[in-house]
Amino acid sequence: MKKFLLQIALFLSAGTLLNAQVYQQGFFLKDYRPVYRINPALFPDSDFIGGFELTRNKVQNYGVSTFYYPVDGGLVTGRHESISADQFLSRIPNVVARNGEIGLNLFAYGIRRGDAYHSFEIGFRLPTTMTAPKGIFDLLKRGTTDTHYDLSDLGVKAQGYFELNYGYGRKLSDIVSIGGRAKLLIAEYGLSYRFTQFDVEKSDAGYTIFSKAEIDLPSSFYKAEGYPDQKISLSDIHAHHKFPRPTGAGAAFDLGVAVTPNEYLTLSAAILDLGGIAWHYGNAAASSGYVYFDGVGPLSY
């Protein structure tokens, strides 16, 4: 139990120090060629061709100051003995969330023809989401000092899919430009694991955990033996086909407009990834049960 909670906390807190490449940073770079990924109404003045570009992006509701504190000229985590529990927990949101995406752009081609711009891309996307309730960090900081903890909303979600897209942008005048991108999505696999209920109760004999969890594993490559009786353990999941097949398909669209009244100012507005994926080969199940343990002591770092 202690090891499990610690791994989640370290993963989230360590993520604040990752130097991730964010697409939106390209908006402020001169001659950033794939700027149409931010807004299809924005495009460079020249043609380009590229490929095998690895990108990373993340959005989270916490920062470095949430978990790290300056002490005696150095940095310590909020679990250090010099940081009080009230001070540490006051900075943590009720549900800590981290959304990220790793992308591999296999091929990209942009063509400028007069006032029009055409773009073509083929790539692979891996968006992920991880959530952890505030109670986990309360447990790690103070140990099991209370009689009840609600650790619901603990979960992880990931999807992997190929994306083929075509974009078109056009200048309507020297000031206004519009654009759009159409995306064909070919899904390979997905994973969703979430605790809808995770209660820790104190009794005379120790602590009792009652949990309800849901898992969804849409994949043609993996199959859960317990499905569809909804009696699945992770050890029951194994390879079903020698080679993975498409697990689903879908489409998405980007729409944008940009206004540039002068060379020093650009007003940009866009709607990105409007669409979705229809999944097949589902392995869905739910489980519930009790676990008993003696408790968790406070941890210091």
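Calculation criteria
Counting from 1, residues in each chain are numbered in the order their sequence is written. Local features are withheld for residues below a pLDDT of 70 in this predicted model, meaning they are given only at 70 or higher, and side-chain atom pairs are given and counted only at 80 or more; totals for whole chains, interfaces and linings count all residues. Only hydrogens and water are set aside when side-chain values are computed; all heavy atoms of the structure are taken into account. Only runs of H or I of at least four residues qualify as helices and only runs of E of at least two qualify as strands under DSSP, and these elements are numbered from the N terminus. Burial classification: accessible surface area is computed with a 1.4 Å probe over protein chains only, and a residue below 20% of its type maximum counts as buried, one above 50% as exposed, and the rest as partly exposed. By definition, residues are in contact when any of their heavy atoms lie within 4.5 Å. In this scheme, strands are said to pair when DSSP sees at least two bridges between them. For every residue, the predictor states its confidence as a pLDDT score lying anywhere from 0 to 100. We define the nonpolar core as a collection of buried residues of types Ala, Val, Leu, Ile, Met, Phe, Trp, Tyr and Cys that are connected through side-chain atoms lying within 4.5 Å of one another. Note on ring pairs: Phe, Tyr and Trp rings are taken, using the six-membered ring of Trp, and paired if centres are within 6.5 Å. Classes follow the plane angle, with under 30 degrees stacked, over 60 edge-to-face and the rest tilted. The salt bridge definition used is simple: a Lys or Arg side-chain nitrogen within 4 Å of an Asp or Glu carboxyl oxygen. Identification of polar contacts relies on pairs of N or O atoms within 3.5 Å, with a donor-acceptor requirement for protein atoms, meaning one able to donate a hydrogen and the other able to accept it, and with residues adjacent in sequence counted only if both atoms are side-chain atoms.

A closer look at the overall build of the chain
Here's step 1: In terms of helices and strands, the chain carries four helices and 15 strands.
Here's step 2: A total of 301 residues make up the chain; the buried ones form 41% of that total.
Here's step 3: In the chain, the share of contacts with a sequence separation of at least 24, taken over all contacts with a separation of at least 6, comes to 70%.

Things to note about the pairing of strand β10 (residues 206–216)
Here's step 1: Of all the eleven residues making up β10, eight are buried; the element is thus mostly covered by neighbouring parts of the structure.
Here's step 2: In this antiparallel pair of consecutive strands, strand β9 (residues 176–203) and β10, the connection spans two residues.

Examining helix α4 (residues 134–142)
Here's step 1: Of all the nine residues making up α4, seven are buried; the element is thus mostly covered by neighbouring parts of the structure.
Here's step 2: All of the buried residues along α4 are G135, I136, F137, D138, L139, L140 and K141.
Here's step 3: A positive backbone phi angle near 75° is found at G143, which sits one or two residues after α4.

A look at the confidence of the model for the chain
Here's step 1: For the chain, per-residue confidence averages 80 on the pLDDT scale, and residues scoring 70 or more make up 77% of the total.
Here's step 2: Across residues 2–22, confidence stays below pLDDT 50; counting only partners more than four residues off in sequence or on other chains, it has 51 contacts.
Here's step 3: Contacts of residues 226–230 to residues separated by more than four positions or lying in other chains number nine contacts, the stretch itself having pLDDT below 50.

Structural notes on unusual backbone geometry
Here's step 1: A positive phi angle, near 55°, is found at F52, a position not held by glycine.
Here's step 2: With respect to the element layout, F52 can be found in the loop between β1 (48–50) and β2 (53–60).
Here's step 3: Judged by relative accessible area, F52 falls into the exposed class, the value being 69%.

Details of the nonpolar core
Here's step 1: By size, the foremost hydrophobic cluster in this structure holds 25 residues, and its most contacted members are F88, F137 and V200.
Here's step 2: When residues in this core are grouped by element, the largest group, four residues, is from α4.
Here's step 3: Apart from the residues lying within four places of it in its own chain, the contact partners of V200 are T147, H148, Y149, L151, Y207, T208, I209 and F293.
Here's step 4: Counting six residues, the second-largest nonpolar core is a separate cluster that includes V35, I38, L42 and A258.

Focus: the packing of aromatic side chains
Here's step 1: With the rule as written, the count across this model stands at eleven aromatic pairs.
Here's step 2: Aromatic pair F195 and F198: ring centres 4.9 Å apart, planes at 65°, arrangement edge-to-face.
Here's step 3: Residue classification places F195 among the buried residues on the basis of a relative accessible area of 12%.
Here's step 4: For F198, a relative accessible area of 5% gives the class buried.
Here's step 5: One aromatic cluster in this structure is built from Y36, F43, F48 and Y117.

Regarding the environment of I83
Here's step 1: When you line up the elements, I83 lands in the loop between β4 (74–77) and α3 (85–90).
Here's step 2: Between the alpha carbons of I83 and K141 there is a distance of 9.5 Å; along the sequence they are 58 residues apart.

A look at the pattern of salt bridges
Here's step 1: One pass over the full model with this rule turns up eleven salt bridges.
Here's step 2: With its nearest N and O atoms 3.9 Å apart, the salt bridge here joins R125 to E163. Taken together, the residues span a long stretch of sequence, with R125 in strand β6 (residues 116–133) and E163 in strand β8 (residues 155–171) at a distance of 38 residues.
Here's step 3: Classification of R125 as buried rests on a relative accessible area of 5%.

Here we look at the side chain of E121
Here's step 1: Checked against the element boundaries, E121 lands in strand β6.
Here's step 2: When its relative accessible area of 3% is taken as the criterion, E121 is described as buried.
Here's step 3: Of note is the side chain of E121, whose polar atom sits 2.9 Å from the side chain of R37.
Here's step 4: Ignoring anything within four residues of it in the chain, the contact list for E121 reads Y36, R37, N105, F107, A108, E163, L164, N165 and R181.

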